[in-house]
Amino acid sequence: MSKLFKGTIELANGVKMPQLGLGVYKMIDPEQTVEAITYAIETGYRAIDTAAIYENESETGEAVRHSGVSREELFITSKVWNTDQGYDATLRAFENSLEKLGLDYLDLYLTHWPVSDKYVDTYKAIERLYDEKLIRTIGVSNHHAYHLEKIFVKANVAPMVNQIELHPYLTQEPLRAFCKENGIAVTSWSPLARGKLFAERTLLQIGERYGKTPAQVIIRWHLQNNLIVIPKSVTPERIRENSEVADFELLSEEMNLINSLNRDERTGTNPDMY
Ligand code: NDP
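Residues numbered from 1 in each chain as written. Predicted model: local features only at pLDDT ≥ 70, side-chain atom pairs only at ≥ 80, totals over all residues. Heavy atoms only, no water.

(A) Highlighting the overall build of the protein. Counting secondary structure elements, the protein contains 10 helices and 10 strands. What you see for the protein is a C-alpha radius of gyration of 18 Å, in line with the 19 Å of a compact globule of 274 residues. By its C-alpha atoms, the protein is 55 × 40 × 30 Å across when sized along the principal axes. Within the protein, the proportion of its 274 residues that are buried is 56%. A fraction of 75% describes how many contacts in the protein between residues 6 or more apart in sequence connect residues 24 or more apart. (Helix = DSSP H or I, 4+ residues; strand = E, 2+ residues; numbered from the N terminus. Rg over C-alpha atoms; globule rule 2.2 N^0.38 Å. Buried < 20%, exposed > 50% of the residue type's maximum accessible area, 1.4 Å probe, protein only. Contact = heavy atoms within 4.5 Å.)

(B) Focus on the site of the ligand. Taken together, the neighbourhood of the ligand is formed by 28 residues, with Asp-49, Ser-190, Arg-194, Ser-233 and Thr-235 sitting nearest. Between the ligand and Val-234, the relevant distance is 3.0 Å, taken from an oxygen atom to a main-chain nitrogen or oxygen of the residue. With respect to the ligand, the side chain of Asn-242 contributes an N or O atom lying 2.9 Å from a nitrogen atom. Relative to its unbound accessible area of 910 Å², the ligand is 87% covered by the protein chains. In terms of residues, the shell around the ligand owes the most to one element, helix 9 (residues 236–243), which gives 3 residues. For the shell around the ligand, the class distribution of residues is 13 nonpolar, 9 polar and 6 charged. (Near = heavy atom within 4 Å. Polar contact = N/O pair within 3.5 Å; in protein donor to acceptor, adjacent residues only side chain to side chain. Areas by Shrake-Rupley, 256 points an atom, 1.4 Å probe, with all protein chains shown as cover. Nonpolar A, V, L, I, M, F, W, Y, C, P; charged D, E, K, R; others polar.)

(C) Molecular detail of the layout of surface pockets. Its volume calculated, the largest pocket comes out at about 760 Å³. Forming the boundary of the largest pocket are 37 residues, of which Tyr-25, Ser-190, Pro-191, Arg-194 and Lys-232 lie nearest the centre. Looking at the lining of the largest pocket, the elements that each hand over two or more residues are helix 8 (214–224) and helix 9. Top contributing element to the lining of the largest pocket by residue count: helix 9, with 3 residues. Considering only residue class, the lining of the largest pocket consists of 17 nonpolar, 14 polar and 6 charged. (1 Å grid on protein atoms, 1.4 Å probe; cavity = no way out; pocket = protein on both sides within 12 Å on 5 of 7 lines; lining within 4 Å. Points joined across faces, edges and corners; volume = space filled by probe spheres on them.)

(D) Molecular detail of the pattern of salt bridges. All told, the structure shown has 11 salt bridges when counted by the stated rule. The closest approach of N and O atoms between Glu-244 and Arg-240, which form a salt bridge, is 3.2 Å. (Salt bridge = Lys/Arg side-chain N within 4 Å of Asp/Glu carboxyl O.)

(E) Looking closely at the packing of helix 8 against helix 10 (residues 252–259). Interhelical geometry of helix 8 versus helix 10 gives an angle of 105 degrees and a closest axis separation of 11 Å. What the angle tells us is that helix 8 and helix 10 run roughly perpendicular. When helix 8 is examined against helix 10, the residues Val-217, Trp-221 and Gln-224 are found in contact with a partner set consisting of Met-255, Ile-258 and Asn-259. (Axes fitted to C-alpha atoms, helices over the stretch in contact; angles between N-to-C directions. Parallel < 35°, antiparallel > 145°, perpendicular 65-115°, else oblique.)

(F) Local environment of the packing of aromatic side chains. If you walk through the whole model with that rule in mind, you get 5 aromatic pairs. With a centroid separation of 4.9 Å and an interplanar angle of 40 degrees, the aromatic rings of Tyr-25 and Tyr-54 are classed as tilted. Highlighted residues: Tyr-25 in the loop between strand 3 (22–23) and helix 1 (30–43) and Tyr-54 in the loop between strand 4 (47–49) and helix 2 (57–66), separated in sequence by 29 residues. Residue classification places Tyr-54 among the buried residues on the basis of a relative accessible area of 11%. With a centroid separation of 6.2 Å and 70 degrees between ring planes, the pair formed by Trp-113 and Trp-189 is classed as edge-to-face. Of this pair, Trp-113 sits in the loop between strand 6 (106–111) and helix 4 (119–131) while Trp-189 sits in strand 9 (residues 185–189); the two residues are 76 residues apart in sequence, bridging distant segments of the chain. (Phe/Tyr/Trp six-rings, centres within 6.5 Å; stacked < 30°, edge-to-face > 60°.)

(G) Representation of the side chain of Lys-212. Relative to the elements of secondary structure, Lys-212 occurs in the loop between helix 7 (201–210) and helix 8. Only 2.9 Å separates the side chain of Lys-212 from the backbone oxygen of Glu-244, close enough to count as a polar contact. Beyond its immediate chain neighbours, meaning those up to four positions away, Lys-212 contacts Gly-207, Val-217, Glu-244, Asp-247 and Phe-248.

(H) Region of interest: the sheet that holds strand 5 (residues 75–80). Overall, parallel pairing links the 8 strands, which are arranged 3-4-5-6-7-8-9-10 in an open sheet. The open sheet is flanked by strand 3 and strand 10 (228–229), the only strands paired with a single partner. Both strand 3 and strand 4 contribute to a ladder of 2 bridges, which runs parallel. Pairing of Gly-23 across the sheet is with Asp-49, part of strand 4. (Pairing = 2+ DSSP bridges.)

(I) Spotlight on the packing of helix 7 against helix 10. Contact pair helix 7 / helix 10: the axes reach a minimum separation of 10 Å and the direction vectors enclose 155 degrees. The angle between the axes of helix 7 and helix 10 places the two elements in the roughly antiparallel class. The two elements helix 7 and helix 10 cross, and the hand of that crossing is left-handed. Contact residues: Thr-202, Leu-203, Ile-206, Arg-209 and Tyr-210 in helix 7; Glu-254, Leu-257 and Ile-258 in helix 10. Classifying every residue of the contact of helix 7 with helix 10 gives 5 nonpolar, 1 polar and 2 charged. (Left-handed = near helix turned anticlockwise from the far one by under 90°.)

Printed below as a string of structure tokens:
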């Protein structure tokens, strides 16, 4: 049985998004970034999650071009940063991102944070990009249910993805249920809680049963919850490790044990701050 996970999730318009991707936040060193992304694609990753604010869209584009994998097989996500929100500014920001990436379309473009008074206009601009077929799917990030409800009133096409902080210390069950009811797939950011979970006995014990690391157990928990998951690593062995999760399955009691680690604890900002 192959260890490499290659599953997809079908989004509301029928496009299939890889369920496991590489996050590239805090990949700062240009050479290391190109190497890490190229390695990930060689390993079998087909989705890369970048953002204008990460300042590595050029390196992402370079890795995509050098990977030898055709553009159509890859799923590239980027996000409009807070200072570029509003209708016209978002359209300009998208053009900049596309230019830096050296691509002529994106697979998914997201509002990075719901900047108050602007996020609905930002979404309307992203909707225009979708209508113009410059992006294949459309979504948001860090939106609570009340933000999404405001968007539903104004939008012709509902968001297909909401990318939120989500891991066993922050399981986000109410927001996940809301997204499910509304046909929105959820992507987990900081899926490993940036390493804070690795010493958890529950995860170590479950991992021992399958010969897997805590990181692999956590990634498997996201996948079995039908979440899209984008762990970040610049380290080749970890990039590979994080994708070798297709050869075991957590039992429902193990899923429940991991669910019970929830503390509603964020590693990042609460979206209400914006
Ligand atoms: P993660 O939870 O993915 O953790 C990343 C950290 O864990 C890094 O320090 C990495 O180290 C380490 N790590 C990764 N794999 C392993 C492993 N197998 N064993 C041990 N350590 C490991 O945190 P992120 O905050 O980076 O989140 C992932 C992605 O989510 C981001 O890269 C970004 O794409 C997205 N994101 C989106 C946000 C949003 O607002 N929409 C906000 C934050 C993140 P190293 O790299 O040194 O190997």
